[in-house]
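Residue-level structure breakdown
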Amino acid sequence: MKSDLARFGRGFVYAWNGICAAVREERNFRFHLCAAVYVFAAAWLAELDRQSVALLALCVFSMLGMELMNSAVERAVDKPDTTHWWSAGAAKDMAAGGVLATAVGTVVVGVCLLGRAETLRLLWARVTASPACILCWCVSLAAAYWFIFRFCKKENTNAEHKTQ
């Protein structure tokens, strides 16, 4: 019984390790994480009701899960040699298509919940309420850019040189 419970617990550790690897190594996953932060910030500023936030959360976490699955498929079918099977390429394309379909659905839900004119006016008013708010958003955008495009860049570059 104890070993079953330990194996079950290790599953969470492996899952967490996979998420950490995606944060370190997958630019698109980092983009989706930043987008999620901004979506939840907009939902909070717009004072969306709990059901709307729950719907956004479902879409956001589905998007993150789909991005993890896409990354897993890419890793699983990539070969270290130059041979690239047609089926491997098709699998990667289909996984990327799943990400795109999920992203489109998520954007549609986001626009439906946050895209009304009065909601957009409210968001703009709150984001530009003071110079400190504007500065905060500008700093957050710079931090998001760094996180998406520069985070672990040096480590990935070293790994690429070792394989070449």
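Up top you'll find the structure we're talking about.
First things first, this report covers the structure right here in the doc. (Residues numbered from 1 in each chain as written. Predicted model: local features only at pLDDT ≥ 70, side-chain atom pairs only at ≥ 80, totals over all residues. Heavy atoms only, no water.)

A look at the nonpolar core
How we decide: In plain words, nonpolar cores are sets of buried Ala, Val, Leu, Ile, Met, Phe, Trp, Tyr and Cys residues tied together by side-chain atoms within 4.5 Å. In this scheme, a residue with accessible area under 20% of its type's maximum is buried, one over 50% is exposed, and one in between is partly exposed, where area comes from a 1.4 Å probe on protein chains only. Runs of H or I in DSSP of at least four residues are treated as helices and runs of E of at least two as strands, each being numbered from the N terminus. By the convention used here, residues are in contact when the closest approach between their heavy atoms is within 4.5 Å.
If you look at the biggest cluster of nonpolar residues, it comprises 12 residues: Ala42, Ala43, Leu45, Ala46, Leu48, Leu56, Cys59, Val109, Leu113, Leu114, Leu123 and Val127. Of all the secondary-structure elements, those providing two or more residues to this core are α2 (27-45), α3 (50-77), α4 (86-114) and α5 (117-127). For valine 109, the contacting residues outside a window of four places in its chain are Leu55, Leu56 and Cys59.

What to know about the packing of α2 against α5
Short version of the rule: Only the stretch in contact is used when fitting a helix axis, every axis being a line fitted to C-alpha atoms; angles between N-to-C directions are given from 0 to 180 degrees. Roughly parallel here means an angle under 35 degrees, roughly antiparallel means over 145, roughly perpendicular means 65 to 115, and every remaining angle is called oblique. Under the scheme applied, nonpolar residues are Ala, Val, Leu, Ile, Met, Phe, Trp, Tyr, Cys and Pro; charged residues are Asp, Glu, Lys and Arg; polar residues are all the others, including Gly.
Between α2 and α5, the least distance of the axes is 9 Å, while the angle of their chain directions is 100°. Relative to α5, the element α2 is oriented roughly perpendicular. Across the interface between the two elements, Ala42, Trp44 and Leu45 of α2 pack against Leu122, Leu123, Arg126 and Val127 of α5. A breakdown of the residues in the contact of α2 with α5 according to their chemical character gives 6 nonpolar, no polar and 1 charged.

Observations concerning the side chain of threonine 119
You can see threonine 119 is positioned in helix α5. Residue classification places threonine 119 among the buried positions, given a relative accessible area of 5%.

Topic: helix α6 (residues 131-149)
Spelled out, the test is: What a helix should span is 1.5 Å times the count of its residues minus one. The reported arc concerns the directions from the helix axis to the C-beta atoms and nothing else.
Here α6 spans 27 Å end to end across 19 residues, near enough to the 27 Å set by a 1.5 Å rise per residue. Among all positions in α6, only Ala144, Phe147 and Ile148 are buried. Viewed along the axis of α6, the buried residues span an arc of 90°, placing them on a single side of the element. α6 presents Pro131, Ala132 and Leu135 as exposed residues on the side facing more than 90 degrees away from its buried surface.

Here's the deal with the environment of valine 37
Summarising the element assignment, valine 37 is placed in helix α2. When the C-alpha atoms of valine 37 and alanine 144 are compared, they prove to be 9.7 Å apart, with 107 residues separating the residues in sequence.

What about the pattern of salt bridges?
Should the charged atoms of two oppositely charged side chains come close, the side chains can pair. Heads up, the rule is: What makes a salt bridge here is a side-chain nitrogen of Lys or Arg within 4 Å of a carboxyl oxygen of Asp or Glu, nothing more.
With the rule as written, the count across this model stands at 5 salt bridges. The salt bridge partner of glutamate 26 is arginine 75, with a shortest N-O separation of 3.2 Å. Of this pair, glutamate 26 sits in the loop between α1 (2-25) and α2 while arginine 75 sits in helix α3, and the two are 49 residues apart along the sequence. Its relative accessible area of 15% is what places glutamate 26 among the buried residues. Linked through salt bridges whose partners overlap, the residues forming this network are Glu25, Glu26 and Arg75.

Considering unusual backbone geometry
One non-glycine residue with positive phi stands out, namely glutamate 47, at about 55°. Summarising the element assignment, glutamate 47 is placed in the loop between α2 and α3. Classification of glutamate 47 as exposed rests on a relative accessible area of 57%.

Topic: the environment of valine 73
Positionally, valine 73 belongs in helix α3. Residue valine 73 is classed as partly exposed on the basis of its relative accessible area of 26%. Placed 23 residues apart in sequence, valine 73 and alanine 96 show a C-alpha to C-alpha distance of 9.3 Å. Among residues more than four places away in sequence, those in contact with valine 73 are Ala91, Lys92 and Ala95.

A few points about a nonpolar patch on the surface
Test applied: In this analysis, a patch consists of residues with relative accessible area above 30% that form no salt bridge, clustered at 9 Å for like charges and at 5 Å for the nonpolar side chains Val, Leu, Ile, Met, Phe, Trp and Tyr. Per-residue and other accessible areas were derived by the Shrake-Rupley procedure at a 1.4 Å probe size, with only the shown protein chains allowed to occlude residues.
Nonpolar side chains collect at one region of the surface, where Leu5, Phe8 and Phe12 lie side by side and expose about 380 Å² of accessible area between them. Looking at where leucine 5 falls in the secondary structure, it is placed in helix α1. Judged by its relative accessible area of 60%, leucine 5 is exposed.

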